[in-house]
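# Structural characterization, general
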Amino acid sequence: MVAIDWDNLGFSYIKTPFRYLAHWKNGEWSEGQMTEDNVLHISEGSTALHYGQQCFEGLKAYRCQDGSINLFRPTENAKRFQVSARRLMMPEVPEKMFLEAVEKVVKFNQDYVPPYESGATLYLRPLLIGVGDGIGVNPAPEYLFTVFCVPVGAYFKGGLKPTNFIVSDYDRAAPAGTGAVKVGGNYAASLLPGKEAKSRDYSDCIYLDPATHTKIEEVGAANFFGITKTGRFITPISPSILPSITKYSLLYLAEHRLGLEVEEGNVYLNDLNQFSEAGACGTAAVISPIGGIQTKDEFHVFYSETEVGPVTQKLYDELTGIQFGDVEAPEGWIVKVPIEA
Ligand code: PLP
Ligand code: COI
């Protein structure tokens, strides 16, 4: 058994034994290999280093009560990875190759999938980077696709205890930029605002729409949702936010399992009073209740600064119940990783 304190994991790098690596050159992908080496040896002229030609994904493996291992909607990650790759002129990783890589990484590192009910999961990080000799602003001649994994606990320290967020003056993405794809540049742009927010004891910042700064876009590493006082589930619509797989799952579950009316629409900052609960959602964030939001003018508290609201709790139970195999999943949402018992 691996010596890890599963109950007290945060969201930090831990070197696990195996990762997957494939190389694209002359128009084709090499056969992926599993390797123990966690260091990439790449040209100093790699476009990933200079011009941010790279994209990544994030998904998790969940240990079920019977010891089996679930992946949650991995095909959606594979598809989004392809959209991100196309936006930055990188070769797509075929869906089949993506799924095989993810399954292999889980299988080879299965001792690192945290126990059922520890609250922890195995986070998988697929990564595609432009490499090879280059210097001009052009797509790279070669690419590396790797998938590694890290056991993780809560991304926002509170877990299901609400935490507070602050509205940022900065933008993480431009109106017609790369906000809707999962590329490193968006996250580089969020480091300074995120640091400023955390230094003031907020969990992270909330970005507004870059064109008018009047509507909530998303959190630095998660989408935003609110439950209105009339029981509607609302989440922002925008061409510059990441289309969160968790958010689309919640839209479905809120409507079909909780019987709520749902909407992807505008969430105006001056209309926060309509909400009785709010939260951040994403693979890493899961569902993290938002206690309050600091705007320029006020500190707006939603349900409570200390207690999770009832609808958020129900959504959390439904979502995590499905992920850990305790609640029946909608068709196609769960993929079992083939492991020997
Ligand atoms: N928004 C941003 C900026 C993210 O980095 C993430 C994390 O992947 C999300 C939203 C949530 O997306 P998903 O639910 O697909 O993990
Ligand atoms: C995720 O939820 O998978 C993310 O990518 C968030 C973050 C760690 C960047």
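Everything numeric in this text was worked out from a predicted model, so none of it was measured.

### Focus on the site of ligand 2
- In the vicinity of ligand 2, the contacting residues are Phe11, Phe56, Gly58, Tyr123, Arg125, Tyr155, Lys182, Tyr187, Ala221, Thr283 and Ala284.
- One of the side-chain N or O atoms of Tyr123 is found 2.7 Å from an oxygen atom in ligand 2.
- The separation between an oxygen atom of ligand 2 and a polar side-chain atom of Lys182 is 2.6 Å.
- Relative to its unbound accessible area of 280 Å², ligand 2 is 90% covered by the protein chains.
- More than half of the atoms of ligand 2 fall within 2 Å of the grid points belonging to the largest pocket.
- Of the residues contributing to the shell around ligand 2, the split by class is 7 nonpolar, 2 polar and 2 charged.

### A closer look at the side chain of Ser118
- Tracing the backbone through its elements, the reader meets Ser118 in the loop between α3 (95-108) and β7 (121-131).
- In this structure the side chain of Ser118 is engaged in a polar contact, spanning 3.2 Å, whose partner is the backbone nitrogen of Ala120.
- Setting aside its immediate chain neighbours within four residues, Ser118 contacts Trp6 and Asp7.

### Here we look at the site of ligand 1
- Close contacts around ligand 1 come from 16 residues, with Tyr187, Glu218, Ser244, Thr246 and Thr283 the closest.
- With respect to ligand 1, the side chain of Arg80 contributes an N or O atom lying 2.7 Å from an oxygen atom.
- Relative to its free-state accessible area of 380 Å², ligand 1 is covered by the protein chains to the extent of 97%.
- With respect to the detected pockets, ligand 1 is housed in the largest pocket.
- Broken down by secondary-structure element, the contributors of at least two residues to the shell around ligand 1 are β12 (222-228), α5 (245-256) and β15 (275-282).
- Considered class by class, the residues forming the shell around ligand 1 number 6 nonpolar, 6 polar and 4 charged.

### Observations concerning the layout of surface pockets
- Each pocket or cavity is described by its volume, and for the largest pocket that value is around 660 Å³.
- Lining the largest pocket are 33 residues, with Arg125, Tyr155, Tyr187, Gly220 and Ala221 positioned closest to its centre.
- Where the lining of the largest pocket is concerned, the elements lending two or more residues are β7, α4 (184-199), β10 (204-208), β12, α5 and β15.
- The element contributing the most residues to the lining of the largest pocket is α4, with 7 residues.
- Tallied by class, residues from the lining of the largest pocket come to 14 nonpolar, 11 polar and 8 charged.

Calculation rules
Residues numbered from 1 in each chain as written. Chains lettered and ligands numbered in written order. Predicted model: local features only at pLDDT ≥ 70, side-chain atom pairs only at ≥ 80, totals over all residues. Heavy atoms only, no water. Near = heavy atom within 4 Å. Polar contact = N/O pair within 3.5 Å; in protein donor to acceptor, adjacent residues only side chain to side chain. Areas by Shrake-Rupley, 256 points an atom, 1.4 Å probe, with all protein chains shown as cover. 1 Å grid on protein atoms, 1.4 Å probe; cavity = no way out; pocket = protein on both sides within 12 Å on 5 of 7 lines; lining within 4 Å. Sits in = over half its atoms within 2 Å of the grid points. Nonpolar A, V, L, I, M, F, W, Y, C, P; charged D, E, K, R; others polar. Helix = DSSP H or I, 4+ residues; strand = E, 2+ residues; numbered from the N terminus. Contact = heavy atoms within 4.5 Å. Points joined across faces, edges and corners; volume = space filled by probe spheres on them.

So yeah, pure geometry; function would need other evidence.
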